[in-house]
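Structural overview for review
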Amino acid sequence: MQTRIRAGLLAGVVCLASGAAVAPGAGAADVPVGPRDAYTRTELFFGTERPDGGAAVTAPEFEAFLDVEVTSRFPEGLTVEEGRGQYRDRFGVIERERSYRVVLLYPRGAARSSDAKIEEIRRRYDEAFGQEAVGRVDDAVRAAF
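1. Details of the pattern of salt bridges
In the structure shown here, the tally under the stated rule is 15 salt bridges. Across the pair E132 and R90 runs a salt bridge whose closest N-O atoms are separated by 3.5 Å. Placement of the pair is E132 in the loop between helix 3 (111–129) and strand 4 (135–143) and R90 in the loop between strand 2 (79–88) and strand 3 (94–107), with a sequence separation of 42 residues. The salt bridge partner of R136 is D115, with a shortest N-O separation of 2.8 Å.

2. Focus on the packing of aromatic side chains
Per the stated rule, a full pass over the model turns up ten aromatic pairs. A ring pair is formed by Y39 and F145, whose centres lie 5.6 Å apart and whose planes are at 70°; its orientation type is edge-to-face. With Y39 in strand 1 (residues 37–47) and F145 in the segment after strand 4, the pair connects residues that are 106 residues apart, well separated along the chain. Here F65 and F129 contribute two aromatic rings whose centre-to-centre distance is 6.0 Å and whose plane-to-plane angle is 70°, an arrangement assigned as edge-to-face. Of the two residues, F65 sits in helix 2 (residues 59–71) while F129 sits in helix 3, which places them 64 residues apart along the sequence. With respect to burial, F65 and F129 carry one shared label: buried. Among the aromatic residues, those joined into a cluster by ring pairs are F46, F62, F65, Y100, Y125 and F129. Lying across the ring of F74, K117 places its NZ or CZ 5.2 Å from the centre.

3. Digging into the layout of surface pockets
Where empty space is left in the structure can be found by rolling a water-sized probe over the atoms. Counted as a void, the largest pocket has a volume near 320 Å³. Lining the largest pocket are 21 residues, and of these F45, F46, G47, Y87 and E97 lie nearest its centre. Within the residue set of the lining of the largest pocket, elements represented by two or more residues are strand 1, strand 2 and strand 3. Every residue lining the second largest pocket is counted, 16 residues in all, and those nearest its centre are Y39, E76, G77, L105 and Y106. With five residues, strand 3 is the largest single contributor of residues to the lining of the second largest pocket.

Definitions and cut-offs
Residues numbered from 1 in each chain as written. Predicted model: local features only at pLDDT ≥ 70, side-chain atom pairs only at ≥ 80, totals over all residues. Heavy atoms only, no water. Salt bridge = Lys/Arg side-chain N within 4 Å of Asp/Glu carboxyl O. Helix = DSSP H or I, 4+ residues; strand = E, 2+ residues; numbered from the N terminus. Phe/Tyr/Trp six-rings, centres within 6.5 Å; stacked < 30°, edge-to-face > 60°. Buried < 20%, exposed > 50% of the residue type's maximum accessible area, 1.4 Å probe, protein only. Lys NZ or Arg CZ within 6 Å of the ring centre and 35° of its normal. 1 Å grid on protein atoms, 1.4 Å probe; cavity = no way out; pocket = protein on both sides within 12 Å on 5 of 7 lines; lining within 4 Å. Points joined across faces, edges and corners; volume = space filled by probe spheres on them.

Laid out in structure tokens, this is it:
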């Protein structure tokens, strides 16, 4: 029994050290999940308060923007999460607001064309809703679908 536990732990360490992924709940006898492809994960942070003091961007306004500007450029799929955020504005004031985080995954080979689309989305949101900025974070990830 003790030898089997050690063998299982060793197999797990070998999988982790090699970068192989193991399916959730997998044991030592289970086969590692297949290779993952290289992707870029981009998170965009959209605020809803307008710096000029105008009415906040409504949920229907954001949904319409998402349909026209984001989904049309990334029809393969995306994730949207609503939350609360804060940032320091250009006058040094901490602003708190309802916000949306949009997560995009795209093959690393499409990074150049995706970058242009993402920058256009950011520019159009700034223009449409009088925003100071749309936050952006990019990470290299491995994913399988």
